[in-house]
Amino acid sequence: MATMAPHYLNHFFNPQSVAIIGATEREGSVGHRLMINMIEAGFTGKLYPINPKREQLMGIPCFASMAAIPDGVELAVIATPARTVPELVRQCGEKGVQSIVIISAGFAELGEPGLRLQSEVLDHARRYNIRIIGPNCLGIIRPNGNLNATFGYGKVADGHLALVSQSGAVCTAILDWAQSQDIGFSTVVSMGGAADIDFGEVLDYLATDPHTHSILLYVEGIHDARRFLSGLKAAARLKPVILIKSGRYEAGSKAAVSHTGSMVGGDDVFDAAIERAGVVRAYSIAQLFSAARILTNRYSLKQDRLAIITNAGGPGVMSTDRAEDVGVPLAQLSESTIARLNKVLPEHWSHANPIDILGDATPERYRLALDICLEDEQIDGALVILTPQAMTNPTEVAQCMIDVCAQTHKPVLASWTGGARVQEGRDLLNNAHIAQFSTPEVGVDAFSFLAKYNRNQKLVKQIPLPREEMKPADIDGARMIIERVLAEDREMLTTQESKAILSAFRIPVTQTIKVLDAKDAIIAAETVGFPVVLKINMAEFSHKSDIGGVKLNLTSAQQVADAFQDMANDIRRVQPDIASIVMSIEPMYQSPNKRELMIGVVRDPVFGPAISFGLGGTMVEIIRDKAIALPPLNDYMVEHMISKTKAARYLEPFRQMQGSNKDALIDTLLRVSEMISELPEIIELDINPLIVDDRGAIAVDARIRAQSCMQLVPYSHMAIHPYPHDLAHRFTLPSNEQILIRPIKPEDAKLEKEFFGSLSDRSRYFRFKQGLHELTPEMVVRFTQIDYDREMAFVAVSCDDSKPLLEMGVGRYVLNPDGKSADFAIVIADQYQGMGIGAHLMKTLMQTAKSKGVVRFEGEVLAENQAMLSMVKKLGFSISENLQNSTIVHVSKSFQ
């Protein structure tokens, strides 16, 4: 059983020795502040100030250079002028330092000269296998490790929140605000220019950091979408992640040929991406901490129906308004709840939600009202509001609330509105870890974050799998059409070509016949049958309706001929030099129950293709009804996407209209998801309108824009890697029993726990190098909900459908930061060892990794695990001693 090495960022956050390059006693300098912060933090490791002009700094021996330090150094912090940094990084490499924080500014943010310096730094870093945080950053803080390698002011308290910020200034502002709120941190990371280590890698570390319970992010821009989303998903599956992003509005408009392109901006796609990753987004620093305060308690919600209990009408109404703003539904009180409240509340209570228990409410009245509400199955959480009126005792009410909360699993939030009179009550609530807020509106916001978090957690666990009942698409045929269009030096496909692509992916379309003159139009109309639609069919006119390029409901040959001539005249007025005019005839789709919808695709420069859905027709840019999602999608994601639009209600039965065929709409969206996953050449798509009625869904008009795409790795144009179903295969055991080898998926959580439970103590020890008795819930999530782009896990399972599903073994690899090497681990059930399963899993892992550009496998094996050592030796692995731990040997293999 091979095991994986500790996380490669460990030396940044738990170093035993730190060198401060540029340390000085000159007050007001960065080097001086760094030294003071390290000393005042009480760093217990070895601290090495580097300054060639001093022998001692602040009572600590000072060294002229890195080479002069007699011992090894785990972390170096550089705070010298930018021009000196490349050489200093080289010296760190010669010393064997593998982790560096560069505080210095003057790199890529200054343009070409700074970019050249940064390139030199990265060249040295790659040569010596060094990882870098920065440049131009505040630094890092690890309070529980007594590490403060920043030049900020003020002490940072220990806590369980991690803060990762792209801006040093915002970082210091948040830390200063948090100090006034008595909020502590497990880790603080200022990313700066993120020339090397980016958000994704830091998130990956924090995901399994036991000191971190929640993560706060301040984001300005993303360099690597896949790495970012991968890290977000890894972290958000295990602990709450709350994000705030600046730059929500684009300064200028971009040219777009599709309706979707003009409606969907970068921030829309960003929202869709983080929602898919299971992350909650805040829009201010105050909201950031409000969300953290409620999410850290790890409440779970069945739904998001909120009850509001208040001793004043005004705050109740304000809370209701805010709930409407943020999409939180107020719970409908059941008849039994109203009856019970009638028995304990005054006659003039509100008899509805918000539950106004009046200004003379006693602590006992609060307790009874809250107790009754929490027992109502139609209420998922409660916000308790107190205003300091003459007969109010805020402290006693707080104690009553604490007593009630101890008996419930439902989230209860408090808003003690006021100042000095309510402070003691607030302190009681804080000490009891009950989320309390200074105003009711902020409390409603916090509940909305909890609701969003629970919804997004369902999304992050979704792994789209192929639908077996769907007829396979003709991917090759669709690709041939696009290749021929591109060979003609065109990007825009005609209506016929666009519909042919849709048909190849089994999306129903209306028949389209290309016509060049009025006679052709009449013949085509007679062929398809009246009534018909006449449309312009030329790439030069992307939006047909803008120039009157659509004539509907033509019922006779004469109407068709007249419409053709009128439209041709209109086109020549717009473009007098046009050589030929091309139009198309289509049958007029008629249905008393039809709804016009729109499906679109845009290509985001950071996150790749994104799908939009909403109301369609000629006024889409005015209505602007849209929900955005990143592919690949499954049924749950599509239904969630539809539910966020105005179109969702439009699909339901209404007056004389029957309800729409929702299954047909879901199928169409899934087909579009499949299309843009398999055809990276498609960069824009409009299906407008997509007509959906009680019978089904049909694309009436379509527009596709394509560009050449050289893709060496499948699906590299997407931010989220699809489930690699094509890697599943069968393997025959010596007993002739067939087993299935396939990539792991989230549904395997129960299987993985049972597999671990079946292992002997010896096998567990060989896999984890410790006496682990059971997998924690966090470990199960980590093992089964993986990112198929940067890691892979194959399970060997039984194929006999007549018996319960059984896991026989599992093998996995995780890419190292260089993207070229990977750590691996394998464990086989005791009763199936010696049957070749381990060797086959190992070969499958190596073959998969090699196809993704990996050139080297590495792992750690206990020296006493002779069976594993024998297997990897047969597979061509080299074995070397671990000089720091004789009980472990290092195994590695380079691929040819």
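A.B. asks: Explain the packing of aromatic side chains here, please?
C.D. replies: For any pair of aromatic rings, geometry is given as the distance between the ring centres together with the angle between the planes. Tallying each qualifying case throughout the model produces 12 aromatic pairs. Geometrically, the ring pair formed by phenylalanine 228 and phenylalanine 270 is stacked, given 6.4 Å between the ring centres and 25 degrees between the ring planes. Pair noted here: phenylalanine 228 is in helix H7 (residues 225–236) and phenylalanine 270 is in helix H9 (residues 266–276), with a separation of 42 residues, a long-range link. Here the aromatic rings of tyrosine 813 and phenylalanine 857 are separated by 5.7 Å at their centres, their planes lie at 50 degrees, and the arrangement is tilted.

A.B. asks: Can you walk me through the sheet that holds strand S22 (residues 583–587) in this structure?
C.D. replies: Two pairing modes exist for strands in a sheet, parallel and antiparallel, and in both the strands are linked by backbone hydrogen bonds. The antiparallel open sheet is built from four strands, whose spatial order is S19-S22-S20-S21. Looking at which strands have only one partner, the edges of the open sheet turn out to be strand S19 (513–515) and strand S21 (550–554). In this sheet, adjacent strand axes meet at a mean angle of 25 degrees when their direction is disregarded. The sheet contacts of helix H20 (residues 557–574) involve S19, strand S20 (532–536), S21 and S22, and relative to S20 the element is tilted by about 15 degrees.

A.B. asks: Could you clarify how one ought to interpret the state of the cysteines in this entry?
C.D. replies: Joining two cysteines, a disulfide is a covalent bond between their sulfur atoms. Applying the stated rule across the entire model yields zero disulfides. Unpaired in this structure, cysteine 62 has its nearest cysteine sulfur neighbour in cysteine 92, at a distance of 14 Å. Classification of cysteine 62 by relative accessible area gives buried; the value is 10%. Between cysteine 400, a free cysteine, and cysteine 405, which holds the nearest cysteine sulfur, the sulfur-to-sulfur gap is 11 Å.

A.B. asks: Would you explain the environment of aspartate 823 in this entry?
C.D. replies: Mapped onto the fold, aspartate 823 is located in strand S33 (residues 821–828). Note on aspartate 823: relative accessible area 14%, which makes it buried. Sequence separation of aspartate 823 and serine 878 is 55 residues, and the distance between their C-alpha atoms is 14 Å.

A.B. asks: It is not clear to me how the pairing of strand S10 (residues 158–165) should be interpreted in this structure. Could you clarify?
C.D. replies: Along a regular strand, successive side chains alternate from one face of the sheet to the other. Burial analysis of S10 places six of its eight residues in the buried class, the great majority of the element. Relative to strand S11 (residues 185–190), S10 runs parallel, the two being bridged by six bridges. Paired with leucine 163 across the two strands is valine 188, which belongs to S11. Between the parallel elements S10 and S11, the chain passes through helix H5 (residues 168–180) in a crossover that is right-handed.

A.B. asks: How should I be thinking about the packing of helix H17 (residues 475–487) against helix H18 (residues 495–504) in this particular structure?
C.D. replies: A pair of packed helices can be characterised by two numbers: the angle between their axes and the separation between those axes. For the pair H17 and H18, interaxial distance at closest approach is 9 Å and the crossing angle is 160 degrees. Classed by the angle they form, the pair H17 and H18 counts as roughly antiparallel. For the pair H17 and H18, the crossing hand works out as left-handed. Between H17 and H18, the residues in contact are Ala478, Ile481, Ile482 and Val485 and Glu497, Ala500, Ile501 and Ala504, respectively.

A.B. asks: I tried to follow the nonpolar core on my own but got confused; where do I start?
C.D. replies: Membership of the largest hydrophobic core comes to 65 residues, with the highest contact counts inside it found for Ile140, Leu217, Phe228, Leu229, Leu232 and Phe607. If one sorts the elements of this core by residue count, H7 sits on top with seven residues. In this view, phenylalanine 607 contacts Ile222, Ala225, Phe228, Leu229, Val269, Phe270, Ala273, Leu630 and Ala719; residues no more than four positions away in its chain are not counted.

Thresholds, definitions, all that
Residues numbered from 1 in each chain as written. Predicted model: local features only at pLDDT ≥ 70, side-chain atom pairs only at ≥ 80, totals over all residues. Heavy atoms only, no water. Phe/Tyr/Trp six-rings, centres within 6.5 Å; stacked < 30°, edge-to-face > 60°. Helix = DSSP H or I, 4+ residues; strand = E, 2+ residues; numbered from the N terminus. Pairing = 2+ DSSP bridges. Axes fitted to C-alpha atoms, helices over the stretch in contact; angles between N-to-C directions. Contact = heavy atoms within 4.5 Å. Disulfide = S-S within 2.5 Å. Buried < 20%, exposed > 50% of the residue type's maximum accessible area, 1.4 Å probe, protein only. Right-handed = clockwise from strand over helix to strand, strands pointing away. Parallel < 35°, antiparallel > 145°, perpendicular 65-115°, else oblique. Left-handed = near helix turned anticlockwise from the far one by under 90°. Core = buried A, V, L, I, M, F, W, Y, C linked by side-chain atoms within 4.5 Å.

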